[in-house]
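# Residue-level structure breakdown
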Amino acid sequence: MTRALLFYNAHLLDEAIDSPGALLVVDDKIRAVYTGYFTNKKTTEALALSVLAEDGYEHPAVECIDAQGLTLMPAFIDMHVHLRYPGQTQKEDLTSGLRAACAGGFGTVVAMPNTTPVVSSQMSALEIDREAASLGLAGVIQSVSITKDFGGTDTRHIEDLDASRVPLITEDGNDVASASVMLDAMTKAARRGIIVSCHSEDASLAAAAKTYRCEALKLMEAYHLAAWGADDDDDAPDEVLDKIASLLTKANDLLALAENSATIRNIMIAREAGCRVHIAHVSTAAALDAVRSAKESLSDDEADYLADEADAAYEASLDGTRYVPEAREEKRFRVTCEVTPHHLALCGTDEPFIRALVNPPLRSEDDRVVLLEGLRDGTVDVIATDHAPHTLEDKVSGSPGFTGLETAFAVCNTVLVAGGQLGAKRLSALMSANPARILGLNKGVLAPGFDADIVFVDPEEKWTVDASAFFSKGKATPFDGRELVGKVKELFVGGRRVFRYSD
């Protein structure tokens with residue numbers, strides 16, 4: 001035994017547990033979970049020692065850590081992060097990005113491949129994974145592009161991917177414009193057991209929207225208006241703000257159509273290919289309805305199959321014969337989706353957030369309410385940040401995206417749990433258990449045998465976001481200066497502390 005850690009006087013919280021308790025970790029795995037009021041160090045330590053003795057350890061030593069009543073959760077898993085490495089280190093690098101991840105309570109992040117150069121091979125992806133591991137911070141799963149170098153045509157590299165090492169491919173930042181190329185890619189991904197994550201956006205509609213955005217940006221630059229939703233319009237006349245709002249509304253309407261049509265297309269292609277498809281950053285009611293419809297169709301197909309099997313077995317029993325079902329071909333088509341904290345928290349049709357430039361844009365209040373309903377009814381599987389750090393100069397020039405890792409839990413806890421939208425266990429499932437299952441990771445729950453990736457949070461602590469203090473190089477966030485509820489205090493990855501908050 002290398003080491004044993006005993007966390008006591010904690011509040012345990014995951015998708016199934018919401019209870020006072022204690023947790024025993026041996027090396028990098030959870031060994032035992034105790035529910036109840038384990039507040040006495042000696043009593044809890046004796047219990048842990050007895051378990052270790054049963055496991056055959058002689059004279060085991062246990063390091064006891066008093067959680068002081070903090071909530072202990074499975075570390076969060078982010079399926080959608082831009083680390084900007086390699087090649088864009090002015091925006092982010094592995095160290096700054098992973099320190100931000102740790103500060104946000106994320107033990108694992110999936111990095112997007114829209115880097116310089118584009119990550120288009122397993123060799124390149126694994127090299128980034130190894131570099132990240134050498135830092136001893138959060139773990140990285142580097143995704144690979146759907147088409148080579150984002151060229152939009154060549155998918156041959158997918159045949160060389162191992163799903164156990166590269167579980168997900170994506171063209172994030174854009175969509176694959178050609179439906180036939182997407183079908184080819186999804187068919188290959190299906191054979192390899194790889195998830196295709198789709199940035200669903202029709203390219204021609206996005207190009208039309210960009211024209212309106214560029215016009216709005218010229219006015220915003222002239223009046224020094226921030227492109228991340230800061231309330232800084234003291235010197236801008238009302239007619240200018242109205243003009244900007246009008247231009248961005250036209251752009252956003254086109255981008256809504258772009259998202260809706262591409263979401264439907266990508267799901268249809270995935271069904272034809274028998275592929276596992278993950279719809280990234282869903283932001284509209286229509287796109288979420290498309291995901292819901294696909295899931296309901298899958299459920300109906302399963303119900304029909306089971307009914308047919310039951311009828312066949314009954315008919316066989318009438319003849320006095322034994323029914324032997326035929327071997328069933330595995331149905332690989334599955335649909336999952338994610339939403340972001342900013343799309344859950346903010347309405348983008350009013351000042352100042354109509355000027356918060358992000359792709360997809362912040363949507364209407366009606367869209368936001370539908371996303372919340374999707375969290376509650378199970379249509380939404382995952383909350384992912386789409387952490388997209390930019391230099392402030394790039395943001396002023398119109399680069400879309402927000403820094404999100406260090407505020408994600410607090411935003412979700414504030415809007416969803418403290419706001420009465422859903423329970424804390426459901427939030428844990430959305431941020432930990434569900435992404436772990438989708439990616440095939442031995443993480444995401446507090447149970448024996450699972451990886452000891454653990455985050456301590458104070459769900460009731462109020463704090464004010466100060467973007468200048470972020471570990472991330474990206475400082476553009478619409479939450480700067482806002483009071484949130486819920487603070488990440490410590491993070492352990494593989495049973496090893498990688499972050500501790502200090503005032």
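Residues numbered from 1 in each chain as written. Predicted model: local features only at pLDDT ≥ 70, side-chain atom pairs only at ≥ 80, totals over all residues. Heavy atoms only, no water.

Helix and strand counts for the protein chain stand at 12 helices and 16 strands. Relative to the 2.2 N^0.38 estimate, which gives 23 Å for 503 residues, the radius of gyration of the protein chain is 24 Å and therefore close to what a compact globule would have. Taking the principal axes of the C-alpha coordinates as reference, the protein chain spans close to 75 × 75 × 45 Å. Nonlocal contacts in the protein chain, meaning residues at least 24 apart in sequence, comprise 76% of its contacts between residues at least 6 apart. Looking at the protein chain as shown, the accessible area adds up to about 20800 Å², and 49% of this sits on carbon and sulfur atoms. (Helix = DSSP H or I, 4+ residues; strand = E, 2+ residues; numbered from the N terminus. Rg over C-alpha atoms; globule rule 2.2 N^0.38 Å. Contact = heavy atoms within 4.5 Å. Areas by Shrake-Rupley, 256 points an atom, 1.4 Å probe, with all protein chains shown as cover.)

Before going further, it helps to spend a moment on unusual backbone geometry. In this model, Y85 is joined to P86 through a cis peptide bond whose omega is 10 degrees. Structurally, P86 can be placed in the loop between strand 6 (76-81) and helix 2 (94-103). The linkage connecting T116 with the following residue, P117, adopts the cis geometry, with an omega of 5 degrees. In this structure, P117 sits in the loop between strand 7 (106-111) and helix 3 (122-134). Unlike most non-glycine residues, R84 shows phi in positive territory, near 60 degrees.

Our next topic: the pattern of salt bridges. Evaluated as defined, the whole model comprises 22 salt bridges. With its nearest N and O atoms 3.7 Å apart, the salt bridge here joins D28 to K29. A residue is classified by how much of its surface remains accessible, and D28, at 36% relative accessible area, is partly exposed. The salt bridge partner of K29 is D451, with a shortest N-O separation of 3.1 Å. Linking K29 in strand 3 (residues 29-35) with D451 in the loop between helix 12 (424-439) and strand 14 (454-464), this pair joins segments that are 422 residues apart in sequence. In this structure K29 comes out as partly exposed when scored by relative accessible area, which is 30%. With a relative accessible area of 15%, D451 lands in the buried category. One connected set of salt bridges, linked through shared partners, spans D28, K29, K443, D451 and D453. (Salt bridge = Lys/Arg side-chain N within 4 Å of Asp/Glu carboxyl O. Buried < 20%, exposed > 50% of the residue type's maximum accessible area, 1.4 Å probe, protein only.)

Taking 1.5 Å of rise per residue, the 20 residues of helix 5 (residues 203-222) would be expected to cover 28 Å, and the 29 Å separating its terminal C-alpha atoms lies within 8% of that figure. Looking one or two residues beyond helix 5, the residue adopting positive phi is H224, at roughly 55 degrees. (Expected span 1.5 Å × (residues − 1).)

Okay, the sheet that holds strand 8 (residues 139-142) next. Read from one edge of the open sheet, three strands run 6-7-8, paired in parallel fashion. Across the chains shown, the open sheet's two edge strands, defined by having one partner strand only, are strand 6 and strand 8. Going from strand to strand, the sheet's axes swing by 20 degrees on average, the running direction of each strand aside. (Pairing = 2+ DSSP bridges. Axes fitted to C-alpha atoms, helices over the stretch in contact; angles between N-to-C directions.)

With that settled, the discussion passes to the packing of aromatic side chains. According to the stated counting rule, one finds seven aromatic pairs in the structure shown. Between F76 and F409 the ring centres are 5.4 Å apart and the planes differ by 15 degrees, which places this aromatic pair in the stacked class. In this pair, F76 is assigned in strand 6 and F409 in helix 11 (residues 408-417), connecting sequence segments 333 residues apart. On the basis of relative accessible area, F76 is assigned to the buried category, the value being 1%. Take F409: its relative accessible area is 4%, and that puts it in the buried class. Ring centres of F456 and F492 lie 6.0 Å apart, and the angle between their planes is 65 degrees; this geometry places the pair in the edge-to-face category. In this pair, F456 sits in strand 14 while F492 sits in strand 15 (residues 483-493), placing the two residues 36 residues apart along the sequence. In this pair, the class of F456 matches that of F492, namely buried. Taken together, the aromatic side chains of F7, F456 and F492 make up a single cluster linked through ring pairs. One cation-aromatic arrangement involves K487 over W463; the distance from NZ or CZ to the ring centre is 3.7 Å. (Phe/Tyr/Trp six-rings, centres within 6.5 Å; stacked < 30°, edge-to-face > 60°. Lys NZ or Arg CZ within 6 Å of the ring centre and 35° of its normal.)

Right, let's get into the packing of helix 11 against helix 12. Helix 12 packs onto helix 11 with a crossing angle of 145 degrees between their chain directions and a minimal axis gap of 11 Å. As helix 11 runs across helix 12, the sense of the crossing is right-handed. Across the interface between the two elements, A408, F409, C412, N413, L416 and V417 from helix 11 touch A424, L427 and M431 from helix 12. Classifying every residue of the contact of helix 11 with helix 12 by side-chain character gives eight nonpolar, one polar and no charged. (Left-handed = near helix turned anticlockwise from the far one by under 90°. Nonpolar A, V, L, I, M, F, W, Y, C, P; charged D, E, K, R; others polar.)

Moving on to the packing of helix 4 (residues 179-192) against helix 6 (residues 238-273). Two elements in contact, helix 4 and helix 6, have axes whose closest approach is 9 Å; the angle formed by their N-to-C orientations is 45 degrees. By the angle between their axes, helix 4 is oblique relative to helix 6. Helix 6 is crossed by helix 4, and the crossing has right-handed handedness. Across the interface between the two elements, A179, M182, L183, M186, T187 and A190 of helix 4 pack against R265, N266, I269, A270, E272 and A273 of helix 6. Across the contact of helix 4 with helix 6, the residue classes break down as eight nonpolar, two polar and two charged. (Parallel < 35°, antiparallel > 145°, perpendicular 65-115°, else oblique.)

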